[in-house]
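Listed here are the chains, written in short residue letters.
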Amino acid sequence: MAMLHRKLARDLAHLRGQSAAIVLVLACGVAAFVTMRAMYLSLLRSQATYYARYRFADVFAELKRAPNWVAGRIREIPGVAQVQTRVVMDVTLNVPGLREPAVGRLISMPASESGLNALFLRRGRFPEPDAPNEVIASEAFAAANHLRLGSRLQAIIRGRWQQLTVAGIALSPEYIYEIRGGGSLFPDNRRFGVLWMPPKALAAALDMKGAFNSAAVSLRPGANEAEVIAAMVRILDRYGCLGAYGRADQISHRFISDEISQNRISALIIPAIFLLVAALLVHLSFSRLVSMQRAEIAVLKAFGFTSRRIAIHYLHFSLVIAAAGYALGCAVGWVFGVRLAAVYAEFYRFPLLVYRPEPGVFLWAGIISAGTAIAGALAPAVRASALPPAEAMRPEAPQRFRPGRMDRLNARFHSAALRMMLRNVERRPWRALASGFAICTAIMIIVVEFGLFDSLDRIMELGFRDAQRSDITVTFNEARSTRAAQELARLPGVLASETFRAVPVRLRFEHRSRKTSLLGLSADGRMRLMIDQEGRRARMPPDGLILSTTLAELLRVRPGDSLQVEVLEGRRLVRRLPVTALVDEPLGTSAYMNRRALSRMLAEGALVSGAFLQADTSQQQVLYQRLKNLPAVAAVTVTRTALDSFRETVDRSMAISLWTLMVFAAIIAAGMIYNGARIALSERARELATLRILGFTRREIIAVLLGEQALIMAAALPFGFLAGYGLLALLAARLHTELYRMPLVLRTASYGWAFVMVLVAAVVSGLLVGQRIARLDLIAVLKARE
Amino acid sequence: MATARHGTADGTDVVFHVHAVSKTYQTGDVTVAALRSVSLDLAAGEFVVILGPSGSGKSTLLNILGGLDTPTAGDVRFRDHWLSQAGDAGLTRFRREHVGFVFQFYNLIPSLTALENVILVTEIARHPMDASEALRRVGLTERRNHFPSQLSGGEQQRVAIARAIAKTPDILLCDEPTGALDYPTAKLVLDVLAQVNQQLRTLVAVITHNTAIAAMADRVVRLRSGEIIEVTRNAAKARPDELEW
Ligand SMILES: Nc1ncnc2c1ncn2[C@@H]1O[C@H](COP(=O)(O)OP(=O)(O)OP(=O)(O)O)[C@@H](O)[C@H]1O
Ligand SMILES: [Mg+2]
């Protein structure tokens, strides 16, 4: 047995190049699994711990104003464990270093000891209970604006500028993602941030003494959420309830959960692809190994080794390679995981995101690696064990070539070298297919990755450039008369303006409902258009609702269905409206209505919620300054900066995975091309040496050898492109979050990148194999019989 | 019959100069001297047979002449090519332009037909003859579209010869070209070699264990233990069909 082990060691040393290629590809799969699966579990765990430790509430309600004693009534609802009432108000902020006005969400500071939605204080201290102008800033907002302890901001509170000082910087489970809501879709941490103030000071500042306008409750185990929500709505109805909702409708929670579950899917698919290719590589290499070692196998058998022993020997060999791939993959996966956790920690803003893979992940990775190796090596091992000793002693039957199907094609090529390549490919179609498959996969991965970027680019084009033609969107803090809008139009630097009406609504269909903002646009408007995935403009019908396809799918409604529309402001009307049309918008879950029809429904005069402005860039500075000082203005959104912040969000979360996958795909391609060339070299050493003797140069030999791989690559290329396109189409069809619907866009450059990457991989493998060819022993070849 | 310690080609048109060539192989502690200070001149158009017991260095010498190997010491010059100093690229060019090889085990490319095996060489040669013409010379016109696996050993060897002569080489080096063939087939192959030598004025060097073949040669070189022990010149060359063994 010791001798067999020694043979194994020698074989390994001999096949080190090919083994290394297999180890690398396998390691990629294992690393991807260890990183992604463990990251997914870590995220889930971190989220759960965070929620539990900082007592993230289960149900939320917003209202106009209710006296504090109402909290007692909410507490009495069966199933409610704990109640938190607070004051929440969005105000315009002047942030040092930021030209345009920002929006600050002022929230009463929760009681830190036992209250719900507790803050995790990163730096500084909690403000004194009576301090009138000390705040805690959210970490994301502070970081984006370089705020430090002691930094000052100004807020317009009840029409007056008020100075605020940053006393502490904190995280909150309620605002892991800080999104303003009401039309804005992405965290824009420079222009929107949460500020917590001592309850007393905030109530005093906002004239909300003894009252609250927001409530959060936690539920007892086993409580019925829907019933609690209904009960809360009943109690708060008299106080201007704007709706109550569970975690599923809580923006931050929904986004974070979406993100985390995306990790789960990629943690399955990506490793699977790599492991499949690794198994193929093992299979090809071992098939070759077994046919090379026929004589050795015969001798072993003649000496009395059992067939089983021989099969186990080869499986053992494959497991040694798997072990190396496993170890490398785990190490790389761990390192990657730790680094990725650092990026995610910033992205997700958990107080604690530790990448600590559980033993289970490593155990699974081990099982998967071993399984991959055995899956690849099993057939060759069985073939080796089935060789009868006498048969094995004879050399393998000489290669038989007959005029093949390709020969008709061949007739057109006059180069004998090209014919050699073609016939060799034709003679082993399965092997060529396997190589082609791997290269196809590598190309597919890259095409898809780049395609995702292309599609997101397209989303941005459609959503920002085509749909939002204005430079600035100004939102009033409440519906105003058209006079307020005229005032906006007269501001310095404003070239054109167009007003809109937006009301918060809850749309209800059957038992499904969704809170959104219903945007009233005029039919002949030019600044805010409804643009579908194809870039076509949808027309605004005279009445009825227009829903984005995403929203329609969430509610499961079709044009013609009639929805219940509950207006969440003013007199809080409830109406039924038909859905007239859907618009397949790439971004968000919007609902639209004709401006006139909306006014009619609300039975109000010409009220406006805000205006879209086109502005002269040279006068921006003055314009922003004036906007900051208008008490009626609640929020100013600059299209350009919103686009930038979206791009940044996307780039940050996607760039890492893009580059990692690029490297991985390159390893697949290089591993396959290298292995293919090495196998061909080993099979055809004699032939190649003969060519050298006949006077072919080293370079010509490499060309012959790699030409075969190049042929396979060339054939695989269109299939890889096609597969990439197909997968992207599949993703586009299935991957729509509430944030965006992915259009199917693939630019020529993305194909180009895939091609370039595979080409680089091929050149690198060519150089490696070239070294081998330089060492080809010409004379040894002449001594031996074939 | 003249006998000389070192082979000289008697004056005219010497193309190959081999001077004091030694080749030693070092494997671990063991040093094997495959050639010991061998000197030999070969002239254009000569037919030389190299004889010697197994392990005497015949193949080593032929490989050095053909630019497959370089000597440990001494000089080898073919016209203006200094083979003993040449690197891999230089030797490759030399083989490509001047040398045709025929081996005991044919070494045809299995994936190419007889004709294509020849074309393979004509594609890279400077003054090739037509590939079909080369096959015609070895009498295999009919089998041109057959793959090596569809040909007998003798036929394969004739394809190998066709491949070697198709580039119209200056030198044709054959290492036991009839070693794997039966008597009538061997004669056929030798006949082709003799024809090439006469019609194309190619310098042919043949290694053989078969002393009967020596009768075909202009000169016979005998090796033992890495040394040339004798060079003889035949007064009259025998035709292949006159040989008996
Ligand atoms: N690569 C090598 N390493 C070590 N020794 C070698 C090597 N090649 C040849 N030799 C030795 O050099 C000597 C000459 O070998 P060569 O092949 O030239 O003999 P030969 O005359 O052609 O014999 P044969 O008739 O058996 O083919 C032999 O003793 C051989 O063992
Ligand atoms: Mg020999």
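It should be noted that the structure appears before, not after, this text.
Residues numbered from 1 in each chain as written. Chains lettered and ligands numbered in written order. Predicted model: local features only at pLDDT ≥ 70, side-chain atom pairs only at ≥ 80, totals over all residues. Heavy atoms only, no water.

### Considering the overall build of chain B
Argument step 1. Each helix and strand in chain B was counted, giving six helices and eleven strands.
Argument step 2. A compact globule built from 245 residues should have a C-alpha radius of gyration of about 18 Å, and chain B, at 17 Å, falls within 12% of that.
Argument step 3. Expressed along its principal axes, the backbone C-alpha trace of chain B runs to roughly 50 × 40 × 40 Å.
Argument step 4. For chain B, the proportion of its 245 residues judged to be buried stands at 58%.
Argument step 5. Counting contacts in chain B only where the partners sit at least 6 residues apart, residues at least 24 apart contribute 71% of the total.
Argument step 6. With an accessible surface of roughly 9700 Å², chain B has 48% of that area assigned to carbon and sulfur atoms. (Helix = DSSP H or I, 4+ residues; strand = E, 2+ residues; numbered from the N terminus. Rg over C-alpha atoms; globule rule 2.2 N^0.38 Å. Buried < 20%, exposed > 50% of the residue type's maximum accessible area, 1.4 Å probe, protein only. Contact = heavy atoms within 4.5 Å. Areas by Shrake-Rupley, 256 points an atom, 1.4 Å probe, with all protein chains shown as cover.)

### Some thoughts on the overall build of chain A
Argument step 1. Tallying secondary structure elements over chain A gives 23 helices and 20 strands in all.
Argument step 2. Structurally, chain A occupies a C-alpha span of about 100 × 55 × 50 Å along its principal axes.
Argument step 3. Within chain A, the fraction of its 786 residues that count as buried is 56%.
Argument step 4. Of the accessible surface of chain A, which amounts to about 34000 Å², a share of 58% is contributed by carbon and sulfur atoms.

### Observations concerning the interface of chain A and chain B
Argument step 1. Taken residue by residue, the interface counts 32 residues in chain A and 27 residues in chain B.
Argument step 2. With both sides pooled, the region where chain A packs onto chain B buries about 2900 Å², and carbon together with sulfur makes up 58% of that total.
Argument step 3. There are four salt bridges connecting chain A and chain B.
Argument step 4. Arginine 698 of chain A serves as the salt-bridge partner of aspartate 88 of chain B, at 3.1 Å between the closest nitrogen and oxygen.
Argument step 5. One can count eleven residue pairs in polar contact (both at pLDDT 80 or more) joining chain A with chain B.
Argument step 6. Looking at the side of chain A that touches chain B, the elements with two or more residues in it are helix 13 (416–427), helix 20 (685–693), helix 21 (698–734) and helix 23 (778–783) of chain A.
Argument step 7. For the side of chain A that touches chain B, a count of residues per class yields 13 nonpolar, seven polar and twelve charged. (Buried area = accessible area lost by both parts, 1.4 Å probe. Salt bridge = Lys/Arg side-chain N within 4 Å of Asp/Glu carboxyl O. Polar contact = N/O pair within 3.5 Å; in protein donor to acceptor, adjacent residues only side chain to side chain. Nonpolar A, V, L, I, M, F, W, Y, C, P; charged D, E, K, R; others polar.)

### Here's the deal with the sheet that holds strand 2 (residues 80–86) of chain A
Residue and element names in this part refer to chain A.
Argument step 1. One open sheet accounts for four strands, arranged 2-10-1-11; its pairing is antiparallel. Each edge of the sheet is formed by a strand with only one pairing partner; in this case those strands are strand 2 and strand 11 (241–246). Neighbour-to-neighbour, the strand axes of this sheet turn through a mean angle of 25°, independent of strand direction.
Argument step 2. In the sheet, strand 1 (residues 59–67) pairs with strand 10 (residues 211–219) via six bridges, with the strands oriented antiparallel. Note that in strand 10 the partner of phenylalanine 60 across the bridge is alanine 216.
Argument step 3. Across the sheet, helix 6 (residues 225–236) touches strand 1, strand 2, strand 10 and strand 11, and the angle it forms with strand 11 is around 165°. (Pairing = 2+ DSSP bridges. Axes fitted to C-alpha atoms, helices over the stretch in contact; angles between N-to-C directions.)

### Quick word on the packing of aromatic side chains
Residue and element names in this part refer to chain A.
Argument step 1. Under the defined criterion, the tally for this structure stands at 16 aromatic pairs over all chains.
Argument step 2. With 5.8 Å between their ring centres and 70° between their planes, tyrosine 50 and phenylalanine 350 make a pair best called edge-to-face. You can see tyrosine 50 sitting in helix 2 (residues 16–53) and its partner phenylalanine 350 sitting in the loop between helix 9 (307–348) and helix 10 (359–386), a full 300 residues away along the chain.
Argument step 3. Residue phenylalanine 350 is classed as buried on the basis of its relative accessible area, which comes to 1%.
Argument step 4. Measuring from centroid to centroid gives 5.7 Å for tyrosine 177 and phenylalanine 255, while their planes differ by 80°, and the two rings are edge-to-face. Here phenylalanine 255 lies in helix 7 (residues 251–292) and tyrosine 177 lies in the loop between strand 8 (160–171) and strand 9 (192–197), a separation of 78 residues in the sequence.
Argument step 5. According to the relative accessible area criterion, tyrosine 177 is buried, its value standing at 8%.
Argument step 6. Looking at phenylalanine 255, the relative accessible area reads 12%, which means it is buried.
Argument step 7. Grouping aromatic residues by their ring pairs yields a cluster made of Tyr50, Tyr54, Phe120 and Phe350. (Phe/Tyr/Trp six-rings, centres within 6.5 Å; stacked < 30°, edge-to-face > 60°.)

### Quick word on the sheet that holds strand 2 (residues 14–27) of chain B
Within a sheet, neighbouring strands are paired by backbone hydrogen bonds and run either parallel or antiparallel to one another.
Residue and element names in this part refer to chain B.
Argument step 1. Pairing is antiparallel in the open sheet, where four strands are placed in the order 3-2-5-6. The open sheet has two free edges, formed respectively by strand 3 (30–43) and strand 6 (81–82), since each of these has just one partner strand.
Argument step 2. For strand 2 and strand 5 (residues 73–78), the ladder comprises five bridges, and the chain directions are antiparallel. Bridging from a neighbouring strand, phenylalanine 16 pairs with phenylalanine 78 of strand 5.

### Some words on the site of ligand 1
Argument step 1. The local shell around ligand 1 holds 14 residues, among which Ser54, Gly55, Lys58, Ser59 and Thr60 of chain B are the closest.
Argument step 2. Mapping the residues adjacent to ligand 1 onto the chains of the assembly identifies chains A and B.
Argument step 3. Between an oxygen atom of ligand 1 and a side-chain N or O atom of serine 54 of chain B, the distance comes to 2.5 Å.
Argument step 4. When isolated, ligand 1 has an accessible area of 630 Å², and the protein chains bury 68% of it.
Argument step 5. Of all the secondary structure elements, the ones that give two or more residues to the shell around ligand 1 are strand 3 and helix 1 (58–65) of chain B.
Argument step 6. For the shell around ligand 1, the element with the highest residue contribution is helix 1 of chain B, accounting for three residues.
Argument step 7. When the residues that make up the shell around ligand 1 are grouped by side-chain class, the tally is four nonpolar, seven polar and three charged. (Near = heavy atom within 4 Å.)

### Some remarks on the side chain of threonine 60 of chain B
Argument step 1. Examined against the element boundaries, threonine 60 of chain B turns out to sit in helix 1.
Argument step 2. Leave out the neighbours within four places in its chain, and threonine 60 of chain B touches Lys23, Tyr25, Ala34 and Leu35 of chain B.

### Digging into the packing of helix 20 of chain A against helix 21 of chain A
Residues and elements named next belong to chain A.
Argument step 1. Where helix 20 contacts helix 21, the axes come no closer than 10 Å and their chain directions differ by 145°. Crossing of helix 20 over helix 21 shows right-handed handedness. Within the contact between the two elements, helix 20 uses Leu688, Leu691 and Arg692 and helix 21 uses Arg698, Ile701, Val704 and Leu705. (Left-handed = near helix turned anticlockwise from the far one by under 90°.)

### A word on the pattern of salt bridges
All names here are of chain A.
Argument step 1. Under the definition given, this model contains 41 salt bridges over all chains.
Argument step 2. Its salt-bridge partner being glutamate 100, residue arginine 191 comes within 2.6 Å of it at the nearest N-O pair. Note that arginine 191 is positioned in the loop between strand 8 and strand 9 and glutamate 100 in the loop between strand 3 (88–94) and strand 4 (102–108), a separation of 91 residues in sequence. Here arginine 191 matches glutamate 100 in class, with each residue buried.
Argument step 3. Note that arginine 514 and aspartate 249 form a salt bridge whose closest N and O atoms lie 3.8 Å from each other. Placement of arginine 514 in strand 14 (residues 512–521) and of aspartate 249 in the loop between strand 11 and helix 7 is noted, with a sequence separation of 265 residues between them.
Argument step 4. One connected set of salt bridges, linked through shared partners, spans Asp457, Arg458, Glu461 and Arg747.

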